[in-house]
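As a plain string of letters, each chain reads:
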Amino acid sequence: VPSNTSNATVPVAPLATSLSVTKTPTSTDFSITGDIVTFDIVVGNTGNIAATAVSVSDPSADSLTCPGGLPIASIAPGASVTCTASDAVSPADVTAGVHTNTVTVSATTPGGAPIGPETATATVNRAQADLVTVKTRTSVDPTPAVGETVTFAITVTNNGPSAATNVTLNDV
């Protein structure tokens, strides 16, 4: 019996492993030591095979949470997971005027080959109020007599960019 033989070539994409990570502050600024700054960390699998045992490391964070806990069991190709981190501002951050925070992610392939590490850094700036004080005499008499009451209007304006809180004004 004669047999018919046919061959077909099917292109197969090579296995590619790749992670991405972004870190974005969700706190706009900080003012004092002990303020809590927060960040969103997005870990993505930009490869074409699953990333497993995904490690998210943020040594300076006081709190780091990811859906399902850490390590992340698996991230499918094209998918991402958003984690959150928070950290207390240190005296050095206040002095420097900036809080810098870095995250590192790594994983393995289902076969155990390493993926990464990849890092991302984000910063949160110290709040910067720009207060301007203007004192204007509102009394009508331009040359008051000794002992006469003189009235003033004091206007304080914050030209920002941050909010000014707990402002105290002393007129001496």
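Residues numbered from 1 in each chain as written. Predicted model: local features only at pLDDT ≥ 70, side-chain atom pairs only at ≥ 80, totals over all residues. Heavy atoms only, no water.

Considerations on the nonpolar core
Move 1: Counting 19 residues, the largest nonpolar core has V21, I41, V43, V54, V56, I72 and C83 as the members making the most contacts within it.
Move 2: Elements with a minimum of two residues in this core: strand 1 (19-25), strand 2 (36-45), strand 3 (51-57), strand 5 (72-75), strand 6 (80-88), strand 7 (98-108) and strand 8 (114-125). (Core = buried A, V, L, I, M, F, W, Y, C linked by side-chain atoms within 4.5 Å. Buried < 20%, exposed > 50% of the residue type's maximum accessible area, 1.4 Å probe, protein only. Helix = DSSP H or I, 4+ residues; strand = E, 2+ residues; numbered from the N terminus.)

Quick notes on the state of the cysteines
Move 1: On inspection of all chains with the given rule, the structure shows one disulfide.
Move 2: Sulfur-sulfur distance for the disulfide between C66 and C83 comes to 2.1 Å. Across the S-S bond of C66 and C83 the torsion is about 110°, and the bridge reads as right-handed. Here the residue C66 occupies a position in the loop between strand 4 (63-65) and strand 5, and C83 occupies one in strand 6, the gap between them amounting to 17 residues.
Move 3: Residue C83 is classed as buried on the basis of its relative accessible area of 0%. (Disulfide = S-S within 2.5 Å.)

A word on the sheet that holds strand 2
Move 1: Pairing within the open sheet is antiparallel, and its four strands lie in the order 1-2-6-4. Both edges of this open sheet fall to strand 1 and strand 4, since each of them pairs with a single strand only. In this sheet, adjacent strand axes meet at a mean angle of 20° when their direction is disregarded.
Move 2: Sheet topology places strand 2 next to strand 6; nine bridges connect them, and they run antiparallel. (Pairing = 2+ DSSP bridges. Axes fitted to C-alpha atoms, helices over the stretch in contact; angles between N-to-C directions.)

Concerning the layout of surface pockets
Move 1: One number sums up the size of the largest pocket: a volume of about 200 Å³.
Move 2: The wall of the largest pocket is formed by ten residues, among which S31, A127, A163, A164 and T165 lie closest to the centre.
Move 3: The residue makeup of the lining of the largest pocket, split by class, is five nonpolar, three polar and two charged. (1 Å grid on protein atoms, 1.4 Å probe; cavity = no way out; pocket = protein on both sides within 12 Å on 5 of 7 lines; lining within 4 Å. Points joined across faces, edges and corners; volume = space filled by probe spheres on them. Nonpolar A, V, L, I, M, F, W, Y, C, P; charged D, E, K, R; others polar.)

Notes on the sheet that holds strand 8
Remark on secondary structure: sheet strands pair via backbone hydrogen bonds, oriented parallel or antiparallel.
Move 1: Ordered in space as 5-3-7-8, the four strands form an open sheet in which the pairing is antiparallel. Looking along the sheet, the strands with just one partner apiece sit at the ends: strand 5 and strand 8. When the angles between neighbouring strand axes are averaged without regard to direction, this sheet yields 30°.
Move 2: Examined bridge by bridge, strand 3 and strand 7 share four bridges and lie antiparallel to one another.

Topic: the packing of aromatic side chains
Move 1: Here the structure, examined in full by the defined rule, presents zero aromatic pairs.
Move 2: Note that K135 overlies the ring of F152, its terminal NZ or CZ placed 4.6 Å from the centroid. (Phe/Tyr/Trp six-rings, centres within 6.5 Å; stacked < 30°, edge-to-face > 60°. Lys NZ or Arg CZ within 6 Å of the ring centre and 35° of its normal.)

Looking at the environment of T17
Move 1: Considering the arrangement of structural elements, one finds T17 in the segment before strand 1.
Move 2: Under the relative-accessibility criterion, T17 is labelled partly exposed at 36%.
Move 3: Here the alpha-carbon distance between T17 and A107, two residues 90 residues apart in the chain, equals 9.5 Å.
Move 4: Beyond its immediate chain neighbours, meaning those up to four positions away, T17 contacts G47, I49, T109 and I115. (Contact = heavy atoms within 4.5 Å.)

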